Amino acid sequence: MKRMYLVYVCVGLLLLGIPAAGAWASYDVTMYSTADNIVDTITVEQSGASNTTTVNYNNWQHAYPLDLNTVLNTFDPTKNFAITWKCENVGDYNSGNPAALLAQINLGATTLYSGVNTANVLWQVSTDGKNWATATPYGNNGGGNIWGNNLNGPVAGISGSAQWIWDDKNFAAGKDQTLLVRVEAVPIPGAFWLLGSGLAGMIGIRRKYFG
Ligand SMILES: [Ca+2]
């Protein structure tokens, strides 16, 4: 009888997707990003908390990994969040000196790619941190685009689904442009999360009662 009750509890957890305590701790929340030319800082915001880390990613041919938990303690990939990169393009910008950010954000079984907007994910740019516009994509990582002249292949560590993004004035006359690039995400718990949390709850209960 007791065993049947526990089975019902486990099935309920699977259906409702109630997170078991500590279930998120083992998920990979590593983000990879780079820019042409420099990423100065990365700010992570979630649940009213915000923290900025100085990174100085100054070689756009490499993607630099960053564990989001090191920027904001206990980053939860199932909750709404925003990430902002402060980027710079150095020198006169033109077709020979492009400017853009490239990023991939791993959230457990879900991955976000720079420039790829969905109903729950929005990539934006701003020059003042107040007025935001949808980022302009220039092509996929490693695809046939302006970066092909500088880099004969994709940036290692980032999927070809990620797009280089900047604003719509990338090639206008100017120099040393600074831009904020931001992604806002409202995660919807997918089947992976429901199954994962349900299984974690089931394992925990089995250990508690049958271990
Ligand atoms: Ca550049």
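Bear in mind that the values here come from a model prediction, so they are computed numbers and not experimental data. (Residues numbered from 1 in each chain as written. Predicted model: local features only at pLDDT ≥ 70, side-chain atom pairs only at ≥ 80, totals over all residues.)

Novice: Before we move on, can you summarise the overall build of the protein with the specific residues and values?
Specialist: Across its full length, the protein carries three helices and twelve strands. Looking at the protein as a whole, 33% of its 211 residues are labelled buried. Within the protein, residue pairs in contact and separated by at least 24 positions form 75% of the contacts whose partners lie at least 6 positions apart. (Helix = DSSP H or I, 4+ residues; strand = E, 2+ residues; numbered from the N terminus. Buried ≥ 20, exposed ≤ 12 C-beta atoms within 10 Å, placed from the backbone. Contact = placed C-beta atoms within 7 Å.)

Novice: Break down the sheet that holds strand β12 (residues 178–185) for me, with residues and values.
Specialist: Sheet strands associate in pairs through backbone hydrogen bonding, adopting either a parallel or an antiparallel arrangement. Reading across from one edge, β3-β2-β5-β12-β8-β9 is the order of the six strands in this open sheet, with antiparallel pairing throughout. Strand pairing shows two members of the sheet lacking a second neighbour, β3 (49–57) and β9 (133–134), which therefore form its edges. Of the pairings in the sheet, the one linking strand β5 (residues 81–88) to β12 comprises eight bridges and is antiparallel in character. Its bridge partner being in β12, Ala-82 is matched across the sheet by Glu-184. (Pairing = 2+ DSSP bridges.)

Novice: Account for the confidence of the model for the protein, naming residues and giving values.
Specialist: When the pLDDT values of the protein are averaged, the result is 81; 72% of them are 70 or greater. Note that residues 12–24 has pLDDT below 50 and, in this model, 26 contacts with residues that lie over four places away or in other chains. (pLDDT = per-residue confidence, 0-100.)

Novice: Can you tell me about the nonpolar core, naming the residues and giving the values?
Specialist: Proteins that are soluble and globular tend to have nonpolar side chains buried together. One finds Ala-100, Leu-101 and Val-181 to be the most contacted residues of the largest nonpolar core, which totals 45 residues. For Leu-101, the contacting residues outside a window of four places in its chain are Ser-33, Ala-35, Trp-85, Cys-87, Ser-114, Ile-165, Trp-166 and Val-181. (Core = buried A, V, L, I, M, F, W, Y, C linked by C-beta atoms within 7 Å.)

Novice: Explain unusual backbone geometry residue by residue, including any values.
Specialist: Backbone torsion omega between Asp-36 and Asn-37 reads 15°, so that peptide bond is classified as cis. Along the chain, Asn-37 falls in the loop between β1 (30–36) and β2 (38–46). One non-glycine residue, Ser-47, lies in positive phi territory at about 50°. Mapping Ser-47 onto the fold places it in the loop between β2 and β3. Looking at Ser-47, the number of C-beta atoms within 10 Å reads 12, which means it is exposed. Even without being a glycine, Asp-176 presents a positive backbone phi close to 50°.

Novice: Go over the environment of Val-121 with me, naming the residues and quoting the values.
Specialist: Following the sequence through the fold, Val-121 ends up in strand β8 (residues 121–126). Separated by 63 residues in the primary sequence, Val-121 and Glu-184 place their C-alpha atoms 5.7 Å from one another.

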